4 protein chains.
Amino acid sequence: MEKRVRVLIDCKDAKGLVYKISKVFYDRDLNIDNNREFVDKEHGRFFMRTVITGLFNTKELEDELKSVVPEDAHIKVIEPKDKKIILMATKESHALGDILIRHEDSELGAEIACVIANHDTLKSLVSKFDIPFFHIPADNMSREEHEKNVMKLIDNFEFDYIVLAKYMRILTPTFVKAYNKKIINIHHSFLPAFIGANPYKQAFERGVKIIGATAHYVTDDLDEGPIIAQDVIPVNHRLTWRDMQRAGRDGEKIVLSRALSLVLNDRVFVNGNKTIIF
Amino acid sequence: MEKRVRVLIDCKDAKGLVYKISKVFYDRDLNIDNNREFVDKEHGRFFMRTVITGLFNTKELEDELKSVVPEDAHIKVIEPKDKKIILMATKESHALGDILIRHEDSELGAEIACVIANHDTLKSLVSKFDIPFFHIPADNMSREEHEKNVMKLIDNFEFDYIVLAKYMRILTPTFVKAYNKKIINIHHSFLPAFIGANPYKQAFERGVKIIGATAHYVTDDLDEGPIIAQDVIPVNHRLTWRDMQRAGRDGEKIVLSRALSLVLNDRVFVNGNKTIIF
Amino acid sequence: MEKRVRVLIDCKDAKGLVYKISKVFYDRDLNIDNNREFVDKEHGRFFMRTVITGLFNTKELEDELKSVVPEDAHIKVIEPKDKKIILMATKESHALGDILIRHEDSELGAEIACVIANHDTLKSLVSKFDIPFFHIPADNMSREEHEKNVMKLIDNFEFDYIVLAKYMRILTPTFVKAYNKKIINIHHSFLPAFIGANPYKQAFERGVKIIGATAHYVTDDLDEGPIIAQDVIPVNHRLTWRDMQRAGRDGEKIVLSRALSLVLNDRVFVNGNKTIIF
Amino acid sequence: MEKRVRVLIDCKDAKGLVYKISKVFYDRDLNIDNNREFVDKEHGRFFMRTVITGLFNTKELEDELKSVVPEDAHIKVIEPKDKKIILMATKESHALGDILIRHEDSELGAEIACVIANHDTLKSLVSKFDIPFFHIPADNMSREEHEKNVMKLIDNFEFDYIVLAKYMRILTPTFVKAYNKKIINIHHSFLPAFIGANPYKQAFERGVKIIGATAHYVTDDLDEGPIIAQDVIPVNHRLTWRDMQRAGRDGEKIVLSRALSLVLNDRVFVNGNKTIIF
């Protein structure tokens with residue numbers, strides 16, 4: 001039966017890669033529906049995302065592709081189907097709610113395994129949508145203890161990504177390492193401006209005329225991971241920092257959902273501390 | 001007890017209005033928390049929105065203000081409290097869902113009296129939020145008959161505004177007249193471009209590089225009412241019209257919610273076929 | 001000697017095009033520096049822009065490419081060098097001045113053959129830059145007579161594009177046909193909104209909250225040609241239409257220069273009444 | 001003869017200020033053409049910009065206003081006329097050129113006293129416009145020595161503002177202090193992101209998806225002065241840092257010109273380290 005897959009290739013750059021890869025598709029009589037490449041010349045790396053349709057054995061295709069590209073290549077042949085995500089949140093409902101509505105509408109492109117929060121504020125909202133909600137309190141315990149509880153819970157689920165929908169706690173390197181390149185966060189500022197706590201207050205105090213939001217992969221360095229998407233909102237002297245916070249929420253939820261859509265559609269390559277978006 | 005109210009004045013322009021109005025406040029020892037005026041010189045009209053705090057009798061204040069401004073003046077002294085809205089929708093959940101999440105979060109600034117839809121698709125979503133949902137089908141009947149049923153239902157509720165959250169039917173002049181300046185719509189294009197049916201398809205066919213959304217008051221002329229808010233989203237040749245439609249939803253819901261917030265906070269004056277936004 | 005060229009291919013879509021074209025490059029040991037393709041599935045057309053470097057004979061390369069693509073293919077192998085443009089203007093200096101400054105800075109990527117205007121207002125500005133300025137008055141003559149004079153002048157110059165930098169006259173079909181797909185215009189609205197005369201006044205009267213500018217190829221239908229670039233500027237009720245006009249100028253000049261840069265770098269394919277921008 | 005002036009008031013907040021000030025205008029039979037106020041509640045400060053027309057003696061009006069506002073008030077009654085500016089630049093022509101074109105078009109609203117540059121690159125451009133150009137080289141001397149030469153030159157001119165149109169040298173506190181609140185700079189990043197040298201390279205290395213430009217008053221702290229205007233431009237992984245630099249130029253010049261227009265029209269109040277823009 002005819003299949004439609006996304007082929008993702010990430011390898012050292014070399015002459016003739018487009019030719020060699022497209023030859024594999026051509027020889028097998030596969031159709032290229034969509035194709036994008038990029039060469040990072042600074043680091044000599046080649047990235048390609050191709051959508052192909054046709055009759056083929058996925059394993060065989062992968063093996064044949066491997067035989068024509070440099071040895072260091074990462075090759076993925078992915079059948080488009082809903083990925084699984086775990087949502088983490090704290091008290092605010094806008095980013096989480098936006099994802100829940102998209103999910104309800106079958107627009108999200110992901111199954112939500114569960115929502116984990118360090119407060120129980122959002123339990124009532126999440127429960128409406130028949131999605132498991134777990135309250136893992138963080139009171140009176142060390143960051144490590146709390147995360148241990150969270151990780152024990154996470155380990156019960158299969159998932160592709162953990163999405164921090166305004167999860168307002170800093171993650172330890174242990175946690176980040178355990179789910180390397182699988183954690184996506186929304187930071188409520190136009191990074192790298194206003195790293196850290198209360199960026200809206202920082203923005204207010206600096207007197208900026210534009211505020212922003214940044215969705216990024218989480219790495220060890222706080223708010224320093226590869227940026228997936230950013231957007232901005234104009235502000236003026238009449239806004240208090242709470243007004244900015246309120247105005248900023250729309251940007252946060254839209255940017256997070258946009259980043260999530262890119263990731264779920266396998267449109268994002270991580271390239272060092274940057275992303276390539278196809 | 002000290003009160004905080006919004007004073008809205010809309011009248012023929014005349015010399016000394018700011019002086020005369022601020023004198024009323026000053027003589028009564030009221031505090032101006034916030035003040036904005038605008039004079040439409042083309043039509044000689046004066047608009048003012050002032051937030052005042054202090055001890056006063058609302059009726060007396062209104063009467064005194066009336067005595068210092070031109071006779072044609074519309075004066076409103078409004079105590080900030082949640083207004084009541086009726087939502088109308090069809091099948092799409094994004095705009096409606098966005099409002100429901102804001103409502104659940106007590107961020108909306110309005111009570112939702114009910115949701116009325118010409119399909120029952122959204123019943124399940126709305127019911128989660130314990131908000132009355134009414135399905136008024138339009139099949140096999142004239143536009144007039146259908147609207148009669150809708151109006152009969154509406155008449156059971158007290159409300160300040162009717163919000164069309166992607167209500168995909170054209171309203172008759174009778175309906176529009178019945179709720180004059182009380183109906184707010186989101187149109188899925190950057191008006192006045194692409195008036196009418198399927199603006200995304202029109203946008204795709206015209207090959208525009210930016211699409212938009214427009215929130216406006218509904219008047220007799222389809223998509224011609226006073227514009228409250230607009231926003232845009234960049235697109236390119238790679239998007240099909242369905243991709244544009246999908247991308248456009250974010251703009252639609254954000255623009256509608258922004259317009260709704262302006263209206264609910266009494267920040268919008270209708271001035272002929274335009275709006276003044278304070 | 002090694003060369004660097006842009007290869008532009010536009011043809012009926014067919015299986016294996018990427019493979020066949022990249023094979024040509026591979027067999028000749030040419031390097032792909034940059035590659036972008038797009039398939040318009042609605043019309044079954046394939047577009048490709050590839051930058052290659054290496055040792056080759058241009059004519060031979062073209063012939064070989066021709067032999068592997070469908071017969072209807074347009075193939076161009078272009079050595080990047082400054083193109084030649086003719087500027088047409090009326091009285092306003094912002095769009096023209098922006099191009100002159102870029103030219104002076106060697107940032108434009110084009111030689112300016114001359115400036116033609118129907119008024120002599122801009123003579124003093126253009127002359128500063130040692131660029132020929134021709135005043136072809138339009139007073140007391142028919143549109144046809146005037147254009148005949150303009151065309152007679154144009155025929156003295158070699159050029160790739162005619163750029164209408166706020167040339168405020170409507171062109172006849174004869175003129176447009178004579179320079180088919182070679183005329184680029186900046187229209188001072190967010191097309192298709194406000195086609196025709198004085199779009200800022202139209203925008204003011206409609207009460208829009210955003211104004212825009214559109215750069216497009218000129219075709220027979222006024223303001224209906226393929227759009228190359230668009231941008232927008234937020235406005236509010238405090239702006240008169242003259243304020244909008246003033247504010248809009250920045251958008252106009254930036255959009256025109258951006259479109260011009262895309263065209264001069266051979267990044268624009270015309271596809272029916274749309275453009276594909278690589 | 002009837003006059004039109006801008007009245008700027010900046011003082012401690014107090015009850016009845018709008019009333020008292022508008023009473024002064026009313027008693028003298030002056031017309032308010034335009035009026036905007038703002039109260040910074042955090043710091044208890046009142047700001048007002050009113051445009052009035054009528055028959056009056058400026059000195060008398062100022063004195064009377066003084067008598068009704070708190071003692072610390074700064075009151076300015078300004079007749080709208082072209083201010084004088086000194087431009088400083090280095091080698092890049094885009095920001096300077098944009099100002100020169102606006103000046104040539106009488107759109108700038110300022111006379112240009114002269115251009116001072118630490119290189120002679122721009123001499124040819126500036127000379128076209130019959131504006132004095134002074135090359136004050138900085139080679140082989142200390143920052144202090146160079147600035148002394150610049151200041152000696154500046155002292156020959158009457159001016160209201162010094163505009164740094166991509167002047168790529170850091171100013172000493174001595175210089176900044178000498179022209180307190182009179183120096184306007186364009187920084188080529190979205191401050192406070194990427195303070196200091198080569199922000200485009202920093203932006204490239206951080207992998208941001210949006211770059212920006214910031215116009216601000218210069219204070220002792222590098223790139224930390226009150227922000228007047230900001231804007232952003234989307235970028236992606238395909239841009240090198242030189243591409244970003246090129247793309248960013250449009251933002252820089254537009255933001256600087258917009259800030260300059262605000263300042264020249266007396267629309268900017270400096271409030272601590274922030275601005276209020278009317």
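Described below are features of the structure shown in this document. Once a new chain begins, its residue numbering starts again from 1 and follows that chain's sequence as written. Written order determines the labels here, with chains lettered from A and ligands numbered from 1. Reporting of local features is limited, given that this is a predicted model, to residues whose pLDDT is at least 70; pairs of side-chain atoms are given and counted only at 80 or more, and all residues count toward the totals for whole chains, interfaces and linings. Side-chain metrics in this entry use all non-hydrogen atoms of the structure; hydrogen atoms and water are not considered.

**Considering the overall build of chain A**
Within chain A, the secondary structure is distributed over eight helices and 13 strands. Principal axes of the C-alpha set define a box for chain A whose edges measure 60 × 40 × 35 Å. Partly exposed residues are those whose accessible area sits between 20% and 50% of the maximum for their type, while under 20% is buried and over 50% is exposed, using a 1.4 Å probe and protein chains only. Among the 278 residues that make up chain A, the fraction classed as buried is 59%. For chain A, the share of sequence-separated contacts (at least 6 apart) that also reach a separation of at least 24 residues comes to 67%. In this tally, Asp and Glu contribute negative charge and Lys and Arg positive charge; neither His nor the terminal groups of the chain are included. To locate a charge, take atom NZ for lysine, CZ for arginine, CG for aspartate or CD for glutamate. Both charge centroids of chain A, one from 41 positive and one from 42 negative side chains, sit 3 Å from each other. The helix and strand labels rest on DSSP assignments: H or I over at least four residues marks a helix, E over at least two residues marks a strand, and numbering proceeds from the N terminus. Contacts: residue pairs with any heavy atoms within 4.5 Å of one another.

**Digging into the relation of the copies chain D and chain B**
Overlaid copies result from least-squares superposition on C-alpha atoms, with residues included only where pLDDT is at least 70 in both. For the pair chain D and chain B, the superposition axis carries a translation of 0.0 Å, the fit reaches an RMSD of 0.0 Å, and the rotation angle comes to 180 degrees. What the rotation and shift describe, once combined, is the action of a two-fold rotation axis. Taking the C-alpha atom as reference, chain D places D:Y19 closest to the rotation axis, 2.8 Å from it. Of the interface residues in chain D, 100% have counterparts in chain B that sit at the interface too, so the contact is made through matching surfaces.

**Observations concerning the packing of helix α3 (residues 94-104) of chain C against helix α8 (residues 241-264) of chain C**
Residue and element names in this part refer to chain C. Axes here mean lines fitted to C-alpha atoms, for a helix over just the part in contact, with angles spanning 0 to 180 degrees between N-to-C directions. For the pair α3 and α8, the least separation of the axes is 9 Å and the interaxial angle reads 45 degrees. The angle between α3 and α8 places the two elements in the oblique class. As α3 runs across α8, the sense of the crossing is right-handed. On α8, the residues that touch H94, A95, D98, I99 and R102 of α3 are R249, E252, K253, I254, L256, S257 and L260. For this scheme, ten residues count as nonpolar: Ala, Val, Leu, Ile, Met, Phe, Trp, Tyr, Cys and Pro. Four count as charged, namely Asp, Glu, Lys and Arg, and the remainder, Gly too, count as polar. Residues belonging to the contact of α3 with α8 are distributed by class as follows: five nonpolar, two polar and five charged. Roughly parallel covers angles under 35 degrees, roughly antiparallel covers those over 145, roughly perpendicular covers 65 to 115, and oblique covers all other angles. What makes a crossing left-handed is the near helix being turned counterclockwise from the far one by less than a right angle; a clockwise turn instead makes it right-handed.

**Description of the relation of the copies chain D and chain A**
The two copies are related by a screw operation: chain D maps onto chain A through 180 degrees of rotation and 0.0 Å of translation along the axis, at an RMSD of 0.0 Å. A shared binding surface is used by both copies, with 100% of the interface residues of chain D retained as interface residues in chain A.

**Concerning the side chain of D:R206**
Take D:R206: it is sitting in helix α7 (residues 199-206). Not counting chain neighbours up to four residues away, the residues in contact with D:R206 comprise A:P192, A:D223, A:E224, A:G225, A:I227, A:N273 and D:F194.

**Side note on the sheet that holds strand β9 (residues 183-187) of chain A**
All names here are of chain A. Strands are labelled as partners when DSSP assigns at least two bridges between them. Read from one edge to the other, the open sheet built from seven strands follows the order β7-β6-β5-β8-β9-β10-β11, with strand pairing classed as mixed. Looking at which strands have only one partner, the edges of the open sheet turn out to be β7 (133-135) and β11 (227-234). Ignoring strand direction, the axes of neighbouring strands in this sheet form an average angle of 20 degrees. Against the sheet, helix α3 (residues 94-104) makes contact with β5 (83-89), β6 (110-117) and β8 (161-164), and its axis sits at roughly 150 degrees relative to β6, the strand it touches most. Running over the sheet, helix α5 (residues 143-154) touches β5, β6, β7 and β8 and is turned about 155 degrees from β6.

**Quick notes on the interface of chain D and chain A**
It is common to give the size of an interface as the accessible area that goes away when the parts come together. On the chain A side, the residues contacting the 31 residues of chain D number 31 residues. Between chain D and chain A, the buried area comes to about 2700 Å², and carbon and sulfur atoms account for 61% of it. What counts as buried area is the accessible surface, traced by a 1.4 Å probe, that two parts surrender upon association, with contributions from both included. Together, D:R206, D:K209 and D:H237 form the three largest contributors to the area buried by chain D at its contact with chain A, with a combined 28%. A pair is scored as a salt bridge if a Lys or Arg side-chain nitrogen falls within 4 Å of a carboxyl oxygen belonging to Asp or Glu. Counting across the chain D and chain A interface gives two salt bridges. Between A:E224 and D:R206 there is a salt bridge whose closest N-O contact spans 3.6 Å. For the purposes of these results, a polar contact is taken to be a pair of N or O atoms within 3.5 Å, where, inside protein, one atom must be able to donate a hydrogen and its partner to accept one; residues adjacent in sequence count only when each atom of the pair is a side-chain atom. Across the contact surface, chain D and chain A share 16 residue pairs in polar contact (both at pLDDT 80 or more).

**Considering a nonpolar patch on the surface**
For patches, a residue must show more than 30% relative accessible area and have no salt bridge; joins then use 9 Å for like charges and 5 Å for nonpolar side chains, namely Val, Leu, Ile, Met, Phe, Trp and Tyr. For the accessible areas, the method is Shrake-Rupley and the probe is 1.4 Å, while residue cover comes only from the protein chains on display. On the surface, A:I170, A:I195 and A:L222 cluster together into a nonpolar patch covering about 230 Å² of accessible area. Note on A:I195: relative accessible area 31%, which makes it partly exposed.

**So, the interface of chain D and chain B**
If you look at the interface, chain D gives 17 residues, while chain B gives 17 residues. Buried surface at the junction of chain D and chain B, summed over both partners, amounts to about 1600 Å²; 53% is from carbon and sulfur atoms. Among the residues of chain D in contact with chain B, D:K15, D:Y19 and D:Y26 are the three that bury the most area, contributing 39% of the side total. Inspection of the region where chain D meets chain B yields two salt bridges. In this structure, D:D29 engages B:K15 in a salt bridge whose closest nitrogen and oxygen atoms are separated by 3.1 Å. At the boundary of chain D with chain B, the tally comes to seven residue pairs in polar contact (both at pLDDT 80 or more). Secondary structure elements with two or more residues in the side of chain D that touches chain B: α1 (17-27) and β2 (31-40) of chain D. Residues that form the side of chain D that touches chain B fall into these classes: five nonpolar, four polar and eight charged.

**Some words on the packing of aromatic side chains**
Residues and elements named next belong to chain A. Stacked, tilted and edge-to-face pairs are distinguished by plane angle, under 30 degrees for stacked and over 60 for edge-to-face with tilted covering the rest, among Phe, Tyr and Trp rings (Trp via its six-membered ring) whose centres lie within 6.5 Å. A complete count under the given rule lists 30 aromatic pairs over all chains for this structure. Taken together, a centroid distance of 5.0 Å and an interplanar angle of 65 degrees make the contact between F175 and Y179 edge-to-face. Given the relative accessible area of 0%, F175 is considered buried. Residue Y179 is classed as buried on the basis of its relative accessible area of 6%.

**Things to note about the pattern of salt bridges**
Proximity of charged atoms lets side chains of opposite charge pair with each other. Scanning the entire structure with this criterion turns up 92 salt bridges over all chains. Measuring nitrogen to oxygen at the nearest pair gives 3.9 Å for the salt bridge that ties C:R249 to D:E107. In this pair, C:R249 is assigned in helix α8 and D:E107 in the loop between α3 (94-104) and β6 (110-117), connecting two distinct chains. As a salt-bridge pair, D:E252 and D:K166 come within 3.1 Å of each other at their nearest N and O atoms. One end of the pair, D:E252, is in helix α8 (residues 241-264); the other, D:K166, is in the loop between β8 (161-164) and α6 (173-178), and 86 residues separate them in sequence.

By themselves, these observations are geometric and do not establish any function.
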